Amino acid sequence: MEIEGRDFMNTPPMKTVRFGCSVVDTLAKHKQGDSRDYELLKHQLADPDIKDAQIINWLQEFRSCVTQLNKDHEQLIYTVLRLPWLGRSQAVVEEYLAFLSNLVSAQTVYLCACLKMVVSHFTPKRVKIYEAGVGFSDSDDEDENTPKNFDQCHQALQVITRYVPSTSHFLMPILNDNFPFVNKSPRTLECYVHNLLRVTVYIPSIRRDVLEIIIGKMLKLDASAPRGDIEELEEKAMQNQTEEEGGEEGLFDMDEDEDVSASKVSGSMAHPVAERLDTLMLILLSYIKDICHINGLLDVERTKELYRDLMGAFDKLVLPTHASCHVQYALFYLCSFRLALAEAFLEHLWKILQSPSHPAVLRQAAAGYMGSFLARANFLPVTTVRVCLDLLVRWIHTYIDGQDSDGRQACCDISLHGAFYTTCQAVFYTLIFRHRAILEGNMKKGLAYLQSLNLERVVMCQLNPLNVCLPAVTNMFAAITRKYQVVFCYTVIERNNRHVLPVVRSSTGGDCVAANTNPLDSFFPFDPYLLKSCLYVSTGQVS
């Protein structure tokens, strides 16, 4: 039956093979207590082989009596919402969208049900595979119509939003609840995150909340893929690939690590969790680029708005998360677009660091981010690095002054002086990576600047930061400062090595902990980016 090009608003229902009365008569009989046609109607709507013409016919009848479809007909409406409208003819899609608009306008009680139906289609269909009588459903349906289906879902969501302005208030919990489990396939996660970000384009009021949902899930993946594990598996994959290329190819050669090796060839990550994270990072960074640029040119206002939304997610989720390796690069990438954004980010971290009202753990994290950003962001000019070093070193000297004026013997206690030690480490780390940039061009002025920081006082103070900073940072800093005769650290380092660190008070207030391990459990959030799909991020790093 030809249904293309019909005028749906003015054309009467098409004739189809059906049983029972019209929808209006069926509802009337159900109200009088006769439910036979009512149950028959639900059964026909649930038919998996229902035709396009039948769907159009039913939807037109439902639209004609939508005011009668109150809460008493909840199960019937749920059956209608489960109709297979996606991927059907344009006629079915348009009729279904018209039905949705009528339903949410006349019966707002079904708003959440309509939203759940749309959001449930944000991931590809699942293929049910049976093996030995057991059903498996975690395989993606490679349907060529999937992009078109997603387009139709967003059409539906925009229609609902147009008729119910408060849709965003009800939509956010549904988007959060329907987020796929992080162990689902990369394709499933990719589709859902892409569709969530697409929603923010036409409902911008929920963008910050959507970013928080996505970043929160990505942090779970990030925490499950430690840097050491990723590097180990990538190295193993490289070794396997080298052995395969160097060895003789035989007909019966079998490699038990074939999957790991194949990942190197295909460009995917050998670590399965890192592969999922890589997929989501690529989507997020692509979104940031597309939002901030119009026809290849940076739109300053749009970029500022996105920066504010990302900073909200950073403060709430990223900053308190210890040892995340990659998610924070979303902000790193955004800051690379414009120096003013990078400076605003540094200023924000500086305010947290010097504020006594913030928890100690956040102040330490802010110092770690500030030092790592100054050290690694090669888009920062030397002038900005020097200004930030001046602020940090001045704060360190003020802190030392406060300890000296107290009149008591200062002790090496990370729980009491955590912000101080982390700030010292941030300064040392920054100088390790940026000393060449500071000195090049005019060695004399560069050395004069380094000497003006009075780092010798920092190294020699009673709080003894070299005793707490990570050994790798301490040793590199000592080597560089000795080379340029700025500070001589080795006397302090040797003295520290001769003494076992004292017992320090536990920050949790419990039993004391032995400090023969490094108590400054710090990390550098902008260490080299390891995920393969977005390696262009690493071009903004100082190595």
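Residues numbered from 1 in each chain as written. Predicted model: local features only at pLDDT ≥ 70, side-chain atom pairs only at ≥ 80, totals over all residues. Heavy atoms only, no water.

We now examine the overall build of the chain. Scanning the chain for helices and strands turns up 23 helices and four strands. Looking at the chain residue by residue over its 543 residues, the buried ones come to 50%. Pairs at least 24 residues apart make up 74% of the contacts formed inside the chain by residues separated by at least 6 positions. Surface exposure of the chain reaches about 26,900 Å², of which carbon and sulfur atoms provide 52%. (Helix = DSSP H or I, 4+ residues; strand = E, 2+ residues; numbered from the N terminus. Buried < 20%, exposed > 50% of the residue type's maximum accessible area, 1.4 Å probe, protein only. Contact = heavy atoms within 4.5 Å. Areas by Shrake-Rupley, 256 points an atom, 1.4 Å probe, with all protein chains shown as cover.)

So, about the nonpolar core. Side chains of nonpolar character tend, in soluble globular proteins, to be buried together. Formed by 169 residues in total, the largest nonpolar core has its most connected members in Phe62, Phe122, Leu175, Ile288, Phe345 and Phe373. Looking at which element gives the most residues to this core, the answer is helix 19 (residues 414-439), with 13 residues. Once residues lying within four places of it in the same chain are set aside, the contact partners of isoleucine 288 are Leu306, Leu310, Ala330, Tyr333, Leu334 and Phe337. (Core = buried A, V, L, I, M, F, W, Y, C linked by side-chain atoms within 4.5 Å.)

Turning our attention to the confidence of the model for the chain. Per-residue confidence for the chain gives a mean pLDDT of 86, with 83% of residues at or over 70. Contacts for the low-pLDDT stretch residues 503-517, under 50 throughout, to residues beyond four places or in other chains number 17 contacts. (pLDDT = per-residue confidence, 0-100.)

Turning our eyes to something else, we now look at the pattern of salt bridges. Side-chain pairing between opposite charges can occur once the charged atoms of the two side chains come close. In total, this model carries 15 salt bridges according to the counting rule given. Between lysine 532 and glutamate 234 there is a salt bridge whose closest N-O contact spans 3.0 Å. Residue lysine 532 is located in the segment after helix 23 (490-498), and its partner glutamate 234 is located in helix 11 (residues 227-246); the two are separated by 298 residues in the primary sequence. Considered together, lysine 532 and glutamate 234 belong to a single accessibility category, that of buried residues. One salt-bridge network, in which partners are shared between bridges, spans Arg207, Arg208 and Asp309. (Salt bridge = Lys/Arg side-chain N within 4 Å of Asp/Glu carboxyl O.)

Before going further, it helps to examine the environment of leucine 341. Its location among the elements puts leucine 341 in helix 16 (residues 339-354). The sequence separation of leucine 341 and lysine 304 amounts to 37 residues, and the corresponding C-alpha distance is 7.8 Å. Beyond its immediate chain neighbours, meaning those up to four positions away, leucine 341 contacts Thr303, Tyr307, Leu334 and Cys335.

What follows covers a negative patch on the surface. Side chains of Asp229, Glu231, Glu232 and Glu235 sit close together on the surface and give a patch of like negative charge. Here glutamate 235 lies in helix 11. (Patch = residues over 30% accessible without salt bridge, like charges linked within 9 Å, V, L, I, M, F, W, Y side chains within 5 Å. Lys, Arg positive; Asp, Glu negative; His and termini not counted. Charge placed at Lys NZ, Arg CZ, Asp CG, Glu CD.)

Below, the discussion takes up helix 1 (residues 23-32). At 3.6 residues per turn, the α-helix brings residues three or four places apart onto the same side. Those residues of helix 1 not exposed but buried are Val23, Thr26 and Leu27. Taken down its axis, helix 1 places every buried residue within 100 degrees of arc, on the same side. Residue glycine 33 follows helix 1 closely and has a positive phi angle near 110 degrees. (Arc of directions from axis to C-beta.)

Once that is clear, we can look at unusual backbone geometry. Positioned with a positive phi, asparagine 295 is a non-glycine residue whose angle comes to about 55 degrees. Here asparagine 295 shows up in the loop between strand 3 (293-294) and strand 4 (297-298). Classification of asparagine 295 by relative accessible area gives exposed; the value is 76%. In this model, asparagine 464 sits at a positive phi of 50 degrees, which is unusual for a non-glycine residue. Relative to the assigned elements, asparagine 464 resides in the loop between helix 21 (455-460) and helix 22 (471-483). Exposure remark for asparagine 464: the relative accessible area of 10% places this residue in the buried category.

Turning our attention to the side chain of threonine 423. Structurally, threonine 423 can be placed in helix 19. For threonine 423, the residues in contact, after removing those within four places along its chain, are Leu353, Ala367, Leu392, Trp395 and Ile396.

This part is about the environment of glutamine 90. Within the secondary structure layout, glutamine 90 lies in helix 5 (residues 90-106). Considered as a pair, glutamine 90 and aspartate 52 are 38 residues apart in the sequence and their alpha carbons are 9.9 Å apart.

Relative to the elements of secondary structure, arginine 434 occurs in helix 19. Buried arginine 434, no salt bridge; nearest opposite-charge side chain is glutamate 440, N-O distance 8.2 Å. Of note is the side chain of arginine 434, whose polar atom sits 3.4 Å from the backbone oxygen of leucine 380. In this structure, arginine 434 is in contact with Leu374, Ala375, Ala377, Asn378, Leu380, Val385 and Val542, ignoring residues within four places of it in sequence. (Polar contact = N/O pair within 3.5 Å; in protein donor to acceptor, adjacent residues only side chain to side chain.)

Another point: the packing of aromatic side chains. Within this structure, the stated rule accounts for 24 aromatic pairs. For the ring pair phenylalanine 314 and phenylalanine 345, a centre distance of 5.5 Å and an interplane angle of 75 degrees mean the geometry is edge-to-face. Here phenylalanine 314, found in helix 14 (residues 300-318), pairs with phenylalanine 345, found in helix 16; they are 31 residues apart in sequence, far enough to count as distant. Note on accessibility: phenylalanine 314 and phenylalanine 345 belong to one class, buried. Centroid distance phenylalanine 373 to phenylalanine 379: 5.9 Å. Interplanar angle 70 degrees. Geometry classified as edge-to-face. Owing to a relative accessible area of 0%, phenylalanine 373 belongs among the buried residues under this scheme. (Phe/Tyr/Trp six-rings, centres within 6.5 Å; stacked < 30°, edge-to-face > 60°.)

A word on helix 8 (residues 167-177). Buried within helix 8 we find Thr167, Leu171, Met172, Ile174 and Leu175. Of the surrounding elements, those touching the buried residues of helix 8 are helix 6 (111-119), helix 7 (146-163), helix 9 (186-202) and helix 10 (207-223).

Relative to each other, helix 6 and helix 7 sit at 160 degrees, their axes nearing to 10 Å. Here helix 6 lies roughly antiparallel to helix 7, going by the angle between them. Relative to helix 7, helix 6 is oriented so that their crossing is left-handed. Along the contact surface, helix 6 presents Leu111, Cys114, Leu115 and Val118, while helix 7 presents Cys153, Ala156, Leu157 and Ile160. (Axes fitted to C-alpha atoms, helices over the stretch in contact; angles between N-to-C directions. Parallel < 35°, antiparallel > 145°, perpendicular 65-115°, else oblique. Left-handed = near helix turned anticlockwise from the far one by under 90°.)

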